[in-house]
Amino acid sequence: RESKPKRPRLRLGMLYVLAAIVAGSLLLQMWETKQTVAPIPYSEFERLLEDGKVKEVVVTDDALRGELTESIDGKTRFVTNRVDPELAQSLEGHGVEYSKEQQSALVRGLLSWVFPLLLLLGFWIFMSRRMAGMGGPGAGLMSVGKSKAKVYMETDTRVTFSDVAGADEAKQELQEVVAFLKDPESYGRLGARMPRGILLIGAPGTGKTLLARAVAGESKVPFFSISGSEFVEMFVGVGAARVRDLFDQARQRAPSIIFIDELDALGRARNAQPFGGGGMDEKEQTLNQLLVELDGFDSSPGIVLLAATNRPEILDPALLRAGRFDRQVLVARPDRTGRTAILKVHSKNVALATELDLEAVAALTPGFTGADLANLVNEAAIVATRRDAESVTLEDFTAAIERIVAGLEKKNRLLNPREREVVAYHEMGHALTALVCTQCDRVHKVSIIPRGIGALGYTMQRPTEDRFLMTREELQEKMAVLLGGRAAEQLIFDHLSTGAWYDLAKATDIARSMVTRYGMVPELGHVSYESEPSTFLGGPTSPIRSRNYSDDTAREIDTAVRAIVQSAFDKALAILTEERDTLEKGAKQLLDKETLDEADLQALYDEIEPKGAS
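Here is what the cut-offs are and how they apply
- Residues numbered from 1 in each chain as written.
- Predicted model: local features only at pLDDT ≥ 70, side-chain atom pairs only at ≥ 80, totals over all residues.
- Heavy atoms only, no water.
- Helix = DSSP H or I, 4+ residues; strand = E, 2+ residues; numbered from the N terminus.
- Contact = heavy atoms within 4.5 Å.
- Areas by Shrake-Rupley, 256 points an atom, 1.4 Å probe, with all protein chains shown as cover.
- Phe/Tyr/Trp six-rings, centres within 6.5 Å; stacked < 30°, edge-to-face > 60°.
- Buried < 20%, exposed > 50% of the residue type's maximum accessible area, 1.4 Å probe, protein only.
- Salt bridge = Lys/Arg side-chain N within 4 Å of Asp/Glu carboxyl O.
- Pairing = 2+ DSSP bridges.
- Axes fitted to C-alpha atoms, helices over the stretch in contact; angles between N-to-C directions.
- Expected span 1.5 Å × (residues − 1).
- Parallel < 35°, antiparallel > 145°, perpendicular 65-115°, else oblique.
- Left-handed = near helix turned anticlockwise from the far one by under 90°.
- Nonpolar A, V, L, I, M, F, W, Y, C, P; charged D, E, K, R; others polar.
- Core = buried A, V, L, I, M, F, W, Y, C linked by side-chain atoms within 4.5 Å.
- Lys, Arg positive; Asp, Glu negative; His and termini not counted.
- Polar contact = N/O pair within 3.5 Å; in protein donor to acceptor, adjacent residues only side chain to side chain.
- pLDDT = per-residue confidence, 0-100.
- Disulfide = S-S within 2.5 Å.

### Thoughts on the overall build of the protein chain
A tally of regular secondary structure across the protein chain gives 21 helices and 15 strands. Taking as baseline every contact in the protein chain between residues at least 6 positions apart, the subset at least 24 positions apart corresponds to 71%. Put simply, the protein chain shows about 34000 Å² of open surface, and 53% of that area lies on carbon and sulfur atoms.

Put into structure tokens, the structure is as follows:
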């Protein structure tokens, strides 16, 4: 039977004691007043004053208090409220007894000191909740070190492994953990033990949190979910206390699973900054406590720790060692088959056209993550809804891809005729170079409709298959396609414009990677010259990069990069010079239609292919 965690009752007891003291003080004050002081009307006070029975009087703004020479009902002290003299004379002339309504002792007490005390008490409770980072009932100073983890049972989440696609290897690893929790005797018959921790590593949007939610839905054991940033507080020791409390709760409900999202917020490498931090740093204390809970003298039997991060390079080595995180599972971007499966999962509730082939959509989305594909399906449905369609077609998905990749169409951005002509030749320069190069992706669409922030046109290419390796020749042709726009401008207009800045940046990055990372320049040898991040001023995340080669080598690298880019530009210029007639014809068609799709470009294919590719 599960034991419930004890709730702190100290603050509630303090409130009871304080309320009892306040109530007792008020009752005592009211009793003393009733026993010793006689409240009398103001008219009677005036008669007593005329008869000489008033011994002394204390005058305030709205009351008179004093002592009588003779007692009234056994009381020699009196109190009465003052009445306006003119009104008193008028009432006395008509024989009317008059007095002013008295405030009760309770109201006077509340207004004098009880109400300010209650206000101060409320402010104290509010500040204690703010410091604890919790606003719910029962929050206070005693809950500062309490864990903020959300506890899920199998009925709390509706995500299972059937809702996860495109990450079969990672899913299999987690399915083994769930099976181990359900049937530990069967899995441990040969002496195997349950993995202590599993670290999910992958780019943002690849499905790490979705996999954790699937584990929560499948495991049928308590599932504690928390973000790494929720351990970090301004008070020293609070983070470590929350780690202890989290694992205490998990032990009480073992077997259980703890999921820490964004682990890098908590597990950053210690002493990454030599001039800051240290043993008294709050983050280091929190990390040290987590290390002890994972694998210390008091291990955590029956607890599996799941964690997710997209920055494994900055995590502390002690956190990544075996015994703490026994498995590191890479959740990579899905391949074409995985993208197709993900599209099927996210399009279950979408009305798709019967002729739509999701494999064709997957072919248009290389590099998309699971989150990108989910957004793509939603955007395509919105596009189809906007045009009052009955179902979502391939054209809707294409428009959604263009919307995501290139940005929103800017049809109201009017270009002058000269600029439209330059953009048309620029984009056709890209497309025509890609048509001639044999190792480039096929051109899917060309448009001169402005999109996004700065794109005045775009050329979309569709890869025929997923590629994981590229040769030097393929990279050179890719750079030639990027520089085809600038080559077309120089060939037709004999000028250099600012429209090629993005193409130049991409081509330069590819050329520098060929030289420094891939070792594709024989003159520099088969050596990697890629700079490593500096660990002097900023740790692993510092933008400062150390250089491990001489100035002479740096000069040779710059020369090689310049030569590679120039060679790609010369190749693009040679292709466009040879196919100038086709370039001009395609540019005129683009100026007339603004967009050429794959069917429109087929005629250009037919004109180029008989001549042979170079």
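Having seen it, we continue.
### Re the packing of aromatic side chains
One pass over the full model with this rule turns up four aromatic pairs. Ring centres of Tyr-425 and Phe-493 lie 5.5 Å apart, and the angle between their planes is 90°; on these two criteria the pair is classed as edge-to-face. One end of the pair, Tyr-425, is in helix H15 (residues 417–436); the other, Phe-493, is in helix H17 (residues 484–493), and 68 residues separate them in sequence. The pair Tyr-425 / Phe-493 is uniform in exposure class, with both members buried. Between Tyr-529 and Tyr-549, the ring centres sit 5.7 Å apart and the planes meet at 85°, which makes this aromatic pair edge-to-face. A residue pair is termed long-range when its members are at least 10 positions apart, and Tyr-529 in the loop between helix H18 (501–516) and strand S13 (532–533) and Tyr-549 in the loop between strand S14 (545–546) and helix H19 (551–578) qualify at 20 residues.

### Quick look at the pattern of salt bridges
Across all of its chains, the model carries 12 salt bridges by this definition. Close ionic contact of Glu-173 with Arg-327 constitutes a salt bridge, the shortest N to O distance being 2.6 Å. Placement of the pair is Glu-173 in helix H5 (residues 168–182) and Arg-327 in strand S10 (residues 327–330), with a sequence separation of 154 residues. Arg-512 is the partner of Asp-558 in a salt bridge, and the nearest nitrogen-oxygen pair spans 3.4 Å. Pair noted here: Asp-558 is in helix H19 and Arg-512 is in helix H18, with a separation of 46 residues, a long-range link. Here Arg-512 falls in the partly exposed class, since its relative accessible area comes to 34%.

### Here we look at the sheet that holds strand S11 (residues 442–447)
Hydrogen bonds along the backbone pair up the strands of a sheet, which may run parallel or antiparallel. Strand order across the open sheet formed by three strands is S12-S11-S15, with antiparallel pairing between neighbours. Looking along the sheet, the strands with just one partner apiece sit at the ends: strand S12 (458–462) and strand S15 (595–597). Looking at each pair of strands side by side, their axes are set apart by 20° on average, direction ignored. Its contacts with the sheet put helix H20 (residues 580–593) on S11 and S15, and the angle it makes with S15 is roughly 115°.

### Describing the side chain of Glu-474
Note that Glu-474 resides in helix H16 (residues 472–482). Contacts of Glu-474, omitting those with residues within four sequence positions, involve Gln-439, Arg-467 and Leu-469.

### Observations concerning unusual backbone geometry
If you check the backbone angles, Glu-262 has positive phi at about 55° while not being a glycine. In this fold, Glu-262 is placed in the loop between strand S8 (256–261) and helix H9 (282–294). Unusually for a residue other than glycine, Asp-494 sits at a positive phi of about 55°. Within the secondary structure layout, Asp-494 lies in the loop between H17 and H18.

### A look at helix H8 (residues 238–252)
Taking 1.5 Å as the rise per residue, H8 with 15 residues should run 21 Å; its terminal C-alpha atoms sit 21 Å apart, in good agreement. Most of H8 sits out of view: 11 of its 15 residues are buried. Here H8 has its buried residues at Val-238, Gly-239, Ala-240, Ala-241, Arg-242, Val-243, Asp-245, Leu-246, Phe-247, Gln-249 and Ala-250.

### Some details on the packing of H16 against H19
The N-to-C vectors of H16 and H19 enclose an angle of 65°; their axes lie 8 Å apart at closest approach. Classified by the angle between their axes, H16 and H19 sit roughly perpendicular to one another. Judged by the sense of rotation from one axis to the other, the crossing of H16 with H19 is right-handed. Counted together, Gln-476, Glu-477, Met-479 and Ala-480 of H16 and Ile-564, Ala-568, Lys-571 and Ala-572 of H19 form the full contact between these two elements. Of the residues contributing to the contact of H16 with H19, the split by class is five nonpolar, one polar and two charged.

### Thoughts on the environment of Lys-585
Within the secondary structure layout, Lys-585 lies in helix H20. On a C-alpha basis, the gap between Lys-585 and Met-428 in space is 9.5 Å, while along the polypeptide they are 157 residues apart.

### Considering the nonpolar core
Counting residues in hydrophobic clusters, the biggest one holds 50 residues, and the most contacted among them are Val-443, Met-479, Val-515 and Leu-583. Within the residue set of this core, elements represented by two or more residues are H15, S11, H16, H17, H18, H19, H20 and helix H21 (598–608). The element contributing the most residues to this core is H19, with 10 residues. Not counting the four nearest positions on each side in its chain, Met-479 is found in contact with Ala-507, Ile-510, Ala-511, Met-514, Ile-564 and Ala-568. Counting 27 residues, the second largest nonpolar core, distinct from the first, contains Ala-170, Val-215, Ala-216 and Leu-306.

### Details of the side chain of Asp-264
Within the fold, Asp-264 resides in the loop between S8 and H9. Buried and unpaired, Asp-264 has no salt bridge, with Arg-311 as the nearest side chain of opposite charge at 4.5 Å. Here the side chain of Asp-264 touches Thr-309 through a polar contact of 2.8 Å, side chain to side chain.

### Here's the deal with the confidence of the model for the protein chain
With 72% of its residues at a pLDDT of at least 70, the protein chain reaches an overall mean of 76. Note that residues 1–9 has pLDDT below 50 and, in this model, eight contacts with residues that lie over four places away or in other chains.

### Let's talk about helix H13 (residues 370–386)
Between its first and last C-alpha, H13 extends 24 Å over 17 residues, near the 24 Å set by a 1.5 Å rise per residue. Where H13 is buried, its residues touch helix H11 (336–346), helix H12 (358–363) and helix H14 (394–405). Looking one or two residues past H13, Asp-388 carries a phi angle of roughly 60°, positive in sign.

### Remarks on the state of the cysteines
For the coordinates displayed, the defined rule picks out zero disulfides. Here Cys-437 is not disulfide-linked; the sulfur of Cys-440 is the nearest cysteine sulfur, at 4.3 Å.

### A few points about the pairing of strand S6 (residues 197–201)
Along S6, five of the five residues are buried, which leaves the element largely enclosed by surrounding structure. Burial along S6 is two-sided: the residues Gly-197, Leu-199 and Ile-201 and Ile-198 and Leu-200 are all buried. Here S6 runs beside strand S9 (residues 303–309); their pairing, made up of five bridges, is parallel. When the bridges of S9 are listed, Ile-198 appears paired with Leu-306. Bridging between S6 and S10 involves four bridges; their strand directions are parallel. Looking at S10, one finds that Leu-199 is bridged to Gln-328.

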